[in-house]
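Read off the chains here:
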Amino acid sequence: MNFKEILNSPVKQAFQAVYGAEIATEKIQFQETRKEFEGDVTLTVFALIAVSKKSPEITANEIGDWLVANNEIVAKYNVVKGFLNISFTPQYWLQEFDAITSSAKFGFSPITEKSPVVMIEYPSPNTNKPLHLGHLRNIFLGSAISEILKATGNKVVHTCLYNDRGTNISKSMLAWTMAGSKDTPENTGLKGDHLVGKFYVQYSNAFKAELEQLVASGLSKEDAEKQSKLNKQVSDLTLKWENGDADVRSLWSKMNGWVYQGFEVTYQWLGIKPEKFYYESDVYNLGKETVQEGLEKGVFFRKDDGSIWIDLTADGLDEKVVLRSNGTTVYITQDIAVANEKERDFNLDKSIYVVGNEQEYHFKVLFLILKKLGRKYADNLFHLSYGMVELPSGKMKSREGTVVDADDLIQEMLSMAKEKTAEKGKTEGQSDADLEALYRIIGMGGLRYFLLKVDPKKKMLFNPAESIETEGHTGPFIQYSYARIKSLLRKGGEIQTGKVSIADDKILPKEITLILTISGFPEVLNEAANTYNPSVVANYAYELAKEFNQYYHETHISKETDVALRNFRLQLSGQVAAVIQNAMQLLGIEVPEKM
RNA sequence: GGUCCCGUAGCUCAGGGGAUAGAGCAACUGCCUUCUAAGCAGUCGGUCGCACGUUCGAUUCGUGCCGGGAUCACCA
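Nothing here was measured: the structure is a model prediction, and the numbers come from that model.

A. Expanded view of the packing of aromatic side chains. Summed over the entire model, instances satisfying the criterion amount to 27 aromatic pairs. Pairing tryptophan 241 with tryptophan 252 gives two aromatic rings, centres 5.2 Å apart and planes at 65°, and the pair type is edge-to-face. Taken together, the residues tryptophan 241 in helix α10 (residues 229–242) and tryptophan 252 in helix α11 (residues 246–270) connect sequence positions 11 residues apart. Tryptophan 241 gets classed as buried once you look at its relative accessible area, which sits at 4%. Ring plane angle 40° and centroid distance 6.4 Å describe the contact between phenylalanine 548 and tyrosine 552, whose orientation is recorded as tilted. Taken as a pair, phenylalanine 548 and tyrosine 552 lie in helix α22 (residues 535–554) at a separation of four residues, close to a single helical turn. Tyrosine 552 gets classed as partly exposed once you look at its relative accessible area, which sits at 30%. An aromatic cluster is built from Tyr162, Tyr260, Phe263, Tyr267, Phe277 and Tyr279, whose rings are joined through pairwise contacts. Its end group placed over the ring of phenylalanine 108, lysine 105 keeps NZ or CZ at 4.6 Å from the ring centre.

B. How the structure looks around the pattern of salt bridges. Within this structure, the stated rule accounts for 26 salt bridges. Here glutamate 319 and lysine 303 are joined by a salt bridge, their closest N and O atoms 3.2 Å apart. Here the residue glutamate 319 occupies a position in strand β10 (residues 319–323), and lysine 303 occupies one in the loop between β8 (301–302) and β9 (308–311), the gap between them amounting to 16 residues. The class for glutamate 319 is partly exposed, based on a relative accessible area of 36%. One salt bridge in this structure joins arginine 569 and glutamate 511, with 3.2 Å as the shortest N-O distance. With arginine 569 in helix α23 (residues 563–586) and glutamate 511 in helix α20 (residues 509–519), this pair connects stretches of sequence that are 58 residues apart. No difference in accessibility class separates arginine 569 from glutamate 511, as the two residues are buried.

C. Seen up close, the sheet that holds β9. Sheet architecture is open: three strands sit in the order β8-β9-β10, paired in antiparallel fashion. On the outer flanks of this sheet lie β8 and β10, each paired with one strand and no other. Alignment of β8 against β9, held across two bridges, turns out to be antiparallel. Within the sheet, the bridge partner assigned to arginine 302 lies in β9 and is isoleucine 308.

D. Main features of the protein's contact with RNA strand B. RNA strand B sits among 66 residues. The nearest are Asp305, Arg324, Lys395, Tyr480 and Lys559. Considering the 4 Å shell around the protein, atoms of RNA strand B inside it are sugar or phosphate in 62% of instances. The side chain of lysine 424 places a nitrogen or oxygen atom 3.4 Å from a sugar or linking oxygen of RNA strand B. A distance of 3.4 Å separates a base oxygen of RNA strand B from a polar atom in the backbone of alanine 483. Residue assignment for the surface near RNA strand B shows that the elements contributing at least two residues are β1 (29–32), β4 (83–88), α15 (360–372), α16 (406–424), β14 (460–461), α19 (475–492) and α22. Among the elements that line the surface near RNA strand B, the one with the most residues is α19, at seven residues.

E. Fine view of α11. The terminal C-alpha atoms of α11, which comprises 25 residues, lie 36 Å apart, in line with the 36 Å expected from a rise of 1.5 Å per residue. Every buried residue belonging to α11 is among Val248, Leu251, Trp252, Met255, Asn256, Trp258, Val259, Gly262, Phe263, Thr266, Tyr267 and Leu270, and all of these are buried. In this structure aspartate 245 caps α11, since a side-chain oxygen of it lies 3.0 Å from the backbone nitrogen of aspartate 247. Just downstream of α11, glycine 271 is the residue with a positive phi angle, here 75°.

F. Inspection of the domain arrangement of chain A at higher detail. Under the domain assignment used here, chain A contains domain 1 (3–88), domain 2 (165–271), domain 3 (275–404) and domain 4 (406–586). Taking only C-alpha atoms, the centre of domain 1 and the centre of domain 3 are 52 Å apart.

Conventions and cut-offs
Every chain is numbered independently, its residues counted from 1 as its sequence is written. Ligands are numbered from 1 and chains lettered from A, in the order in which they are written. The model is predicted, so local features are restricted to residues of pLDDT at least 70 and side-chain atom pairs to those at 80 or more, both for listing and for counting; the totals for chains, interfaces and linings are taken over all residues. The basis for the side-chain values is all heavy atoms of the structure; hydrogens and waters are excluded. Here a pair means two rings of Phe, Tyr or Trp (six-membered ring of Trp) with centres within 6.5 Å. Their orientation is stacked below 30 degrees between planes, edge-to-face above 60, and tilted elsewhere. Put simply, DSSP marks the helices as runs of H or I at least four residues long and the strands as runs of E at least two long, and each gets a number from the N terminus on. Each residue gets one of three labels from its accessible area relative to the maximum for its type: buried under 20%, exposed over 50%, partly exposed in between, using a 1.4 Å probe on protein chains only. Two limits define a charge over a ring: the Lys NZ or Arg CZ must be within 6 Å of the ring centre, and within 35 degrees of the ring normal. When a carboxyl oxygen of Asp or Glu lies within 4 Å of a side-chain nitrogen of Lys or Arg, that pair is called a salt bridge. One requirement defines pairing of two strands: DSSP has to find at least two bridges between them. Only a single heavy atom is needed: when it lies within 4 Å of a molecule or strand, its residue is near that molecule or strand. Any pair of nitrogen or oxygen atoms within 3.5 Å is treated as a polar contact; in protein, a donor-acceptor pairing is required on top of that, and neighbouring residues in sequence qualify only through side-chain atoms on both sides. One fewer than the residue count of a helix, multiplied by 1.5 Å, yields its expected span. Domain segmentation is taken from an automatic or database assignment of domains.

As structure tokens, then:
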């Protein structure tokens, strides 16, 4: 299928015939032919002149001559320095196109009984405040990777771990109680997660004020924190929760319930639906058994104060506590427990954690501990680490109110889409419901594309003005290209499917380029899956759309009078649309029939 | 300080041993009485952070340095 692989053995034969010498496969290096030269693929011959014992130019020419004479798919060649630019015959490209159109969903692999089971965990938020821009990058990455893995033949299980207990939620509970316990999502009209988040902010402000007062009275910052009454109340509340205090537990359930309801609404907007939830409140005690096991195996050790540790200095890391001196578990102990639960529940081939890069150290330690405990699945764990989203004004800080709220941002994107659509004035004949759907497709598509087009591991800048742009390297640009093809197909009339029947000399260079680009889709998909990098797919879709727009501009398609030729061009356009749609689907982005 | 990540056009980002390093935005110029101008074509813009090394060939690989970020809690 891959035309580079197709040429491997002909090139070997050429060397055998021309120079009577063997060459190793890894010496045969192909690359894409640069746009300014003619050709479909380029062989770099520098590595081969040791065998040919001739200059790069002569070697390239002799190999080129042999290929044209002896290989029926090689039409012609040209040589620039040591680069042999090879052009395939039109028949080859038409056959390639036939093969592409006859496959059900080009580039996708089926999921079968034997497909590996891959778990992917995201977004795993805390339950004390609403989702923000960082969660959006997390969710878009997680869902895009899921789709990419499914498309490459994996069964995917989506999980989400809720950090639903502890200090943070206690702060929201305390503030709510102090404020008089009247507010609910129903009577305030606030989304549950926003209501709870409001009280979290209230607590933070009150705490800050209390600290300032204590510091003003002459205490050091540390002493002030120790003497803080609010701080003490939060600890008490957390302790009561741990002791199962009925009132605290019931308030806790109520407030978490509000948050889950709020998250559910956001999830629906974002199109995600975790199949399995884990709750820290369920597992936070389970880790203790594993700590015991680790002690028995000599992996962990106990310090004088009763706390339990692992020494990872031999692995270039530090000592890490796994159980506090008061016998309670820490974050990593809980994660050990969750990893065990996941494995027990699903018997996984692979388990991916989509978590920001600030937790790289944590996951390194976690995986290492599991390995030392002898867990066989430890080698199948993978931290999909992504960079932070920064704002032009700097970092987002929830305490300073500089976060971009996910729900607000979604609403902004929708109204942007509405505004731009009205501006373009192409809405006639579409119902209100159609238009609402269109705004959602454009608004959400634009946002997703904006966050996904950047390499996940890099930190990225979120510029609000750029994010709502619909021109250039954006989601709406690609969506527009798709809609325009759909319009072409509506106007072009009946298309005959099946084998293309046009004369060889009728195929245009740009059409070959398009077939070449389309035929690269499976490779793109594989690369995205192997490197867990949706930006590869995002950039590919842009490239394809851009190339089609050039073609569209310089070629008559639905207006072509030669019937067979029109049919081919419509077929090609339709195939471009299909690949754009499939690529965008992998990113979780829908494409509109009209826009 | 240790470890990890990043430095490519004014800005946001691609590329990743090979040819004259690419897009988008911004600025400027053309193209809508023919298939959707959310488009297309063009102009302007680069010491690929710096140095040394490996190589026929380095923006790409290695080492060192400089600059930016993350992390190294009995927080999660």
